[in-house]
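What follows is the residue order along each chain.
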Amino acid sequence: QKDDSQRLLESFNSDEKEHTLTKSKAEPYTSKEEMVLEESESPLNSNVTAFALKAKVIYPINQKFRPLADGSSNPSLHENPKQAVLPNQVMETSTSGSLGSLSQGDKEDCSSSTTIHSTTSDDRFQARAFLKVTGFPEVLTCESFDVKLCLCSLILKDLMLLDTELRKEKHVMFMQVLKVYLTDFYHKKKITDDLFKKILLVQENDFEELQKQLDSRLQNTEMSGAHNSEYQTLEDLERKEREYSEHVIDNMEAFWKQTDKAQQAFLDQSKCSSAKATKIMMDLTKKMIAVESLLSESQDLQAMDIQERLFNWELMVKMIDSLKSYIPEECKCRLNIVSNILDHLTVKNNLSVRQKEELLTDLHKAFWEQLAHFSNECIQQSKDLILKRLECRAKKREEFKHRQKAEQGSLLSKTFHIEDVHDFLKAYHELLEKHRQAQWELEEEDDCESTEAVADLYKELYSKASHALAELVTKLFLRTLPVVTGLSVRECELLKEEWQENLVPQLEKWETPRQRRWKLFQEQLLQEKKLWMKEYALSAVMQKHLSEKQEKIIQGVISRLGCLSDESVNYILQKHRLLLCSVLTRLTLRRVGMTALARMRMSRKKSLLQELREQHTLQKGSSPCQDEDQWQLQKAVESHILEEEEKLEEETQQTHLEFHQQLVTEIQEALQFLQQHMEQVIGRTLLQHARREAGKKSSDDGQDFKERLVEAAVESVYGTSNNINRLVQNYYQQIGKITEDYEGKKLQQLKSLQAERGERNRLRKKQENELALKEKQTKGLLNISSTVHQRMVLQQKKVLAQFELQQQIRLESLKQKLLGLHHLETELENQLKEAEQDFVSELAALARVPMAVRKQPSKRSKPAAEKKNSKRKSFQSPESEDKDNSHENIQEPPGLTSGLCR
């Protein structure tokens, strides 16, 4: 028989496997001595081969169904029959297979494909159904090879539950903060009791409607594609996670729009001043930033706890699987020792080959039937136990929720003032954190107790199996052998004692690879943890990069506006920070979910590769190379495993790239919402700023005094037509001179700015040419030391840097231009106001109107205007009319010279 390394290598070539094995294994031995004394043949396989010789049957030694002494066919003692797998159904083994899933025959069956990739193509694997579990204890009774898929699906469920809890917590906190401000306004008598209740009721109804819409969409997502409520596919799970993320982003957008609407409605109905409204909105924004910071920190910590829980689950599942495999493997070891003793009796001619085969067949058949019976009982007891524990857990969870709801209601019913809002937010968050931690500890304790209970059942099964096998062996040695062989009872007792003595070293020898297998599993788990930590680090880098980039964008937008007050700028920045923090918190959790999905997609291939690596490691440790052929064979196996590792690594990178591209798309959609929302915020701020500026100008135009002065000048006997026309003409000449000076200074400044810009462009081009010359000199070295991808990245960074530099230069140039024009316009406005004031003073002196009259309200403004219109023609002459036409392009003081220029 070839060793395990040969069989492992041959397992990669399924087309040649049957032919090779048939040719090397199926040839019957020509003599009984060659058959019995074949050193490389294991006892059980030699027994089967001997029976094949006697029955004149030729078949492959690894064939699953072999004829027995009674002419019937029974599953091989080394392998377990498997049920046919239906499409989209979990592949489960039979009762005996559940205990022998780690046997050598099962391993050979798993590795019978040409490569790992041919066994589990992506399309087939994603469409394959696996059990839909609601809690970890159910996984302990799951007989599918998709245990990792079930565990990762539970992780996704925990992440979704965490996201839901934190979102509800944020909604409650906002409503409580808004309620605190409403209560403050109510106590200050700025709103009535009815208005107070109405605003709260409207906002609560609106937020409840948002939650109902989200629940309805999530329900539709859960129901879509659910052909079987007990099973699910990886493709359906990825689709549900993607749609869930879209719905949550939409809900987040609707929530922030609703918060802005609630704030605006509150401020409008309270009729507070613009400055007071801005201050309140700033305070609310700061409070919600504090809320987002608390929730983001809590989410990161709990996501890491959930990931750690996954590895704890895998350890517990591995322990149960180890117990399951321990029972049949140890029993096979015990049966092999019995077979060796019977072989020894056959060599000494105390037992014929046919008699030996019949005894072994009866022994195996009786034992495996009893073990199957015990296993069925154990599996059923495990399922009943898990079902009861899940029911008990559900009851405890409901009781826990009632207590938590009462504690939360007690805290929310308390009255808080504005200065106590931060303390309330901290206290409420700590209370919910305490509740989540208690629920977490309850579930972890229940998981451990469930695992221990199932482990106790399998330990009991091991005890039953050992006892049953001991009874059968005792019956064989003390009752059957004395009759069949003619040996004395004492001799048979010595044979039984020999069986017991040989059992201890064989079990110790068998325990060594078992411990090595467990160590390999722990090393694999440690590598998985490192990969998860790497993903967390990448997520932090992504979050920092997006935050800095968005901060730079909003700063650029504000710098281009340049007309807002510091309070308005600070409010825009705080609002942007709040929305960005909310978006990044959601995307961070989405990235963790994508990491779990990528792990699920590659789990089957990783498991197969790990199994091959494990078999090869165990083979190297158990049988060192003895000759050149074995050394070459070992090198070939190692080379093939390395090749498969490279392929798997490439596919893993491709899978991560696919999920990364999907995440980038979702980031762009979320940032699009952020941009649209900030456009509305900036638009409202600019509108408020324009209204304030318009209010300032309208309140300082002195319209009443001008109308009073016109009335007095019309009625005055001191002002003649010539005097007034001379004043108006001088005033227009002064305005014309001021305007001409302004145009000259403006043209001179624009020329100066254009010259400075040209000089900067010349210097920039000179620097670019020098850099290009340096790059050309080092181009050969760059081509040798850098890859194509690195050169493309460097070129991309260079182009982006040049673009940003040009944009910065243009922005600085526009800033200088606007600053200069603003200075000139301010100077022009001051000169025009001074000229207007001089004209008003001279007119008042001419009409004998004291300047103090400007402080008095005008009660005859309307009659004066009517009288002015009726007597206007008495001040008009053809000469002054021509002069008016010559100054049409000069702005007149409103309400003053229009009535006196004629």
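All values derive from a computational prediction rather than experimental measurement.

Cut-off values and rules
Residues numbered from 1 in each chain as written. Predicted model: local features only at pLDDT ≥ 70, side-chain atom pairs only at ≥ 80, totals over all residues. Heavy atoms only, no water. Helix = DSSP H or I, 4+ residues; strand = E, 2+ residues; numbered from the N terminus. Contact = heavy atoms within 4.5 Å. Areas by Shrake-Rupley, 256 points an atom, 1.4 Å probe, with all protein chains shown as cover. Phe/Tyr/Trp six-rings, centres within 6.5 Å; stacked < 30°, edge-to-face > 60°. Buried < 20%, exposed > 50% of the residue type's maximum accessible area, 1.4 Å probe, protein only. Core = buried A, V, L, I, M, F, W, Y, C linked by side-chain atoms within 4.5 Å. Salt bridge = Lys/Arg side-chain N within 4 Å of Asp/Glu carboxyl O. Patch = residues over 30% accessible without salt bridge, like charges linked within 9 Å, V, L, I, M, F, W, Y side chains within 5 Å. Lys, Arg positive; Asp, Glu negative; His and termini not counted. Charge placed at Lys NZ, Arg CZ, Asp CG, Glu CD. Expected span 1.5 Å × (residues − 1). Bend = angle between axes of the 7 residues up to and from the residue. Axes fitted to C-alpha atoms, helices over the stretch in contact; angles between N-to-C directions. Parallel < 35°, antiparallel > 145°, perpendicular 65-115°, else oblique. Nonpolar A, V, L, I, M, F, W, Y, C, P; charged D, E, K, R; others polar. Polar contact = N/O pair within 3.5 Å; in protein donor to acceptor, adjacent residues only side chain to side chain. Left-handed = near helix turned anticlockwise from the far one by under 90°. pLDDT = per-residue confidence, 0-100.

Asks: Let's hear about the overall build of the protein chain: which residues, and what values?
Replies: Regarding its fold elements, the protein chain presents 25 helices and 4 strands. Across the protein chain, every contact between residues at least 6 apart in sequence was considered, and the portion connecting residues at least 24 apart equals 82%. Just so you have it, the protein chain exposes about 49400 Å², and 52% of that area is on carbon and sulfur atoms.

Asks: An account of the packing of aromatic side chains is requested, with residue identities and associated values reported.
Replies: What characterises a pair of aromatic rings is the spacing of the ring centres plus the angle enclosed by the ring planes. Tallying each qualifying case throughout the model produces 11 aromatic pairs. Between Phe424 and Tyr428 the ring centres are 5.9 Å apart and the planes differ by 25 degrees, which places this aromatic pair in the stacked class. One end of the pair is Phe424 and the other is Tyr428, both in helix H15 (residues 421-485) and 4 residues apart, which spans about a single turn. For Phe424, a relative accessible area of 2% translates into the label buried. Take Tyr428: its relative accessible area is 2%, and that puts it in the buried class. In this structure an aromatic cluster arises from ring pairing among Phe174, Phe207, Phe255 and Trp256.

Asks: Any chance you could break down the nonpolar core for me, citing the residues and the numbers?
Replies: In terms of nonpolar packing, the biggest core is built from 145 residues, with Phe136, Val139, Tyr458 and Met600 touching the most fellow members. Ranked by residue count, the leading element in this core is helix H13 (residues 274-347), at 28 residues. Listed in part, the 21 residues of the second largest apolar core include Ala713, Leu727, Ala844 and Val849.

Asks: Explain the pattern of salt bridges to me, and be specific about the residues and the numbers.
Replies: Under the definition given, this model contains 42 salt bridges. Across the salt bridge formed by Arg167 and Asp163, the nearest N and O atoms sit 2.8 Å from each other. Separated by 4 residues within a single helix, Arg167 and Asp163 lie in helix H10 (residues 147-187), roughly one turn from each other. Look at the salt bridges and you will find they share partners, linking Arg389, Arg393, Asp446, Asp447 and Glu449 into a network.

Asks: So, the side chain of Thr685: which residues are in play, and what are the values?
Replies: For Thr685, the position within the fold is in helix H18 (residues 628-698). The contacts of Thr685, once residues within four sequence positions are left out, are Leu564, Ser568, Tyr571 and Ile572.

Asks: Tell me about a positive patch on the surface, and name the residues and values.
Replies: Taken together, the side chains of Arg560, Arg757, Arg810, Lys815 and Lys817 make up a positively charged region of the molecular surface. In terms of residue count, the dominant contributor to the positive patch is helix H22 (residues 788-846) (3 residues). With respect to the helices and strands, Lys817 occurs in helix H22. You can call Lys817 partly exposed: its relative accessible area is 37%.

Asks: Just give me the short version of the environment of Phe400, but keep the residues and values in it.
Replies: In this structure, Phe400 sits in helix H14 (residues 353-412). What makes Phe400 buried here is its relative accessible area of 15%. Taking the C-alpha atoms as reference points, Phe400 and Leu442, separated by 42 residues in sequence, lie 9.9 Å from one another. Setting aside residues up to four positions removed in sequence, Phe400 forms contacts with His435, Ala438 and Gln439.

Asks: Which residues make up helix H16 (residues 489-561), and what values do they have?
Replies: Across its 73 residues, H16 extends 107 Å between first and last C-alpha, which sits within 8% of the 108 Å expected from 1.5 Å per residue. At Leu503, H16 is bent by approximately 25 degrees, the largest bend along its length, and proline Pro505 sits one to four residues beyond.

Asks: How would you summarise unusual backbone geometry if you had to cite specific residues and measurements?
Replies: Unusually for a residue other than glycine, Asn349 sits at a positive phi of about 65 degrees. In this structure, Asn349 sits in the loop between H13 and H14. For Asn349, a relative accessible area of 58% gives the class exposed.

Asks: Which residues make up a negative patch on the surface, and what values go with them?
Replies: Where like charges cluster on the molecular surface, the negative patch consists of Asp305, Glu441, Glu444 and Glu445. In terms of residue count, the dominant contributor to the negative patch is H15 (3 residues). Turning to its location among the elements, Asp305 is positioned in helix H13. For Asp305, a relative accessible area of 37% corresponds to the partly exposed category.

Asks: Describe the packing of H13 against H15, and please don't skip the residues or the numbers.
Replies: The contact between H13 and H15 brings their axes to 12 Å, and the two run at 5 degrees. Considering the angle they form, H13 stands roughly parallel to H15. Tallied by class, residues from the contact of H13 with H15 come to 32 nonpolar, 5 polar and 11 charged.

Asks: Tell me what's going on with the side chain of Glu330, and back it up with residues and numbers.
Replies: Residue placement: Glu330 occurs in helix H13. Of the polar contacts made by the side chain of Glu330, one reaches the side chain of Arg334; its length is 2.7 Å. Setting aside residues up to four positions removed in sequence, Glu330 forms contacts with Tyr462, Leu507 and Trp510.

Asks: Before we move on, can you summarise the packing of H13 against H14 with the specific residues and values?
Replies: Where H13 contacts H14, the two axes come as close as 10 Å, and the packing angle between them is 165 degrees. When the axis of H13 is compared with that of H14, the two are roughly antiparallel. With respect to the hand of their crossing, H13 and H14 are arranged in right-handed fashion. Within the contact between the two elements, H13 uses Ile327, Pro328, Cys331, Lys332, Leu335, Val338, Ser339, Leu342, Asp343 and Thr346 and H14 uses Val353, Lys356, Leu359, Leu360, Leu363, His364, Phe367, Trp368 and Leu371.

Asks: Hey, could you go over the confidence of the model for the protein chain for me, with residue numbers and the actual values?
Replies: Here the protein chain averages 75 in pLDDT, while 75% of its residues score no lower than 70. Taken as a whole, residues 1-121 scores under 50 in pLDDT and shows 218 contacts with residues more than four places along the chain or in a different chain. In this model, residues 852-902 is a region of pLDDT below 50 whose contacts with residues beyond four sequence positions or in other chains number 69 contacts.

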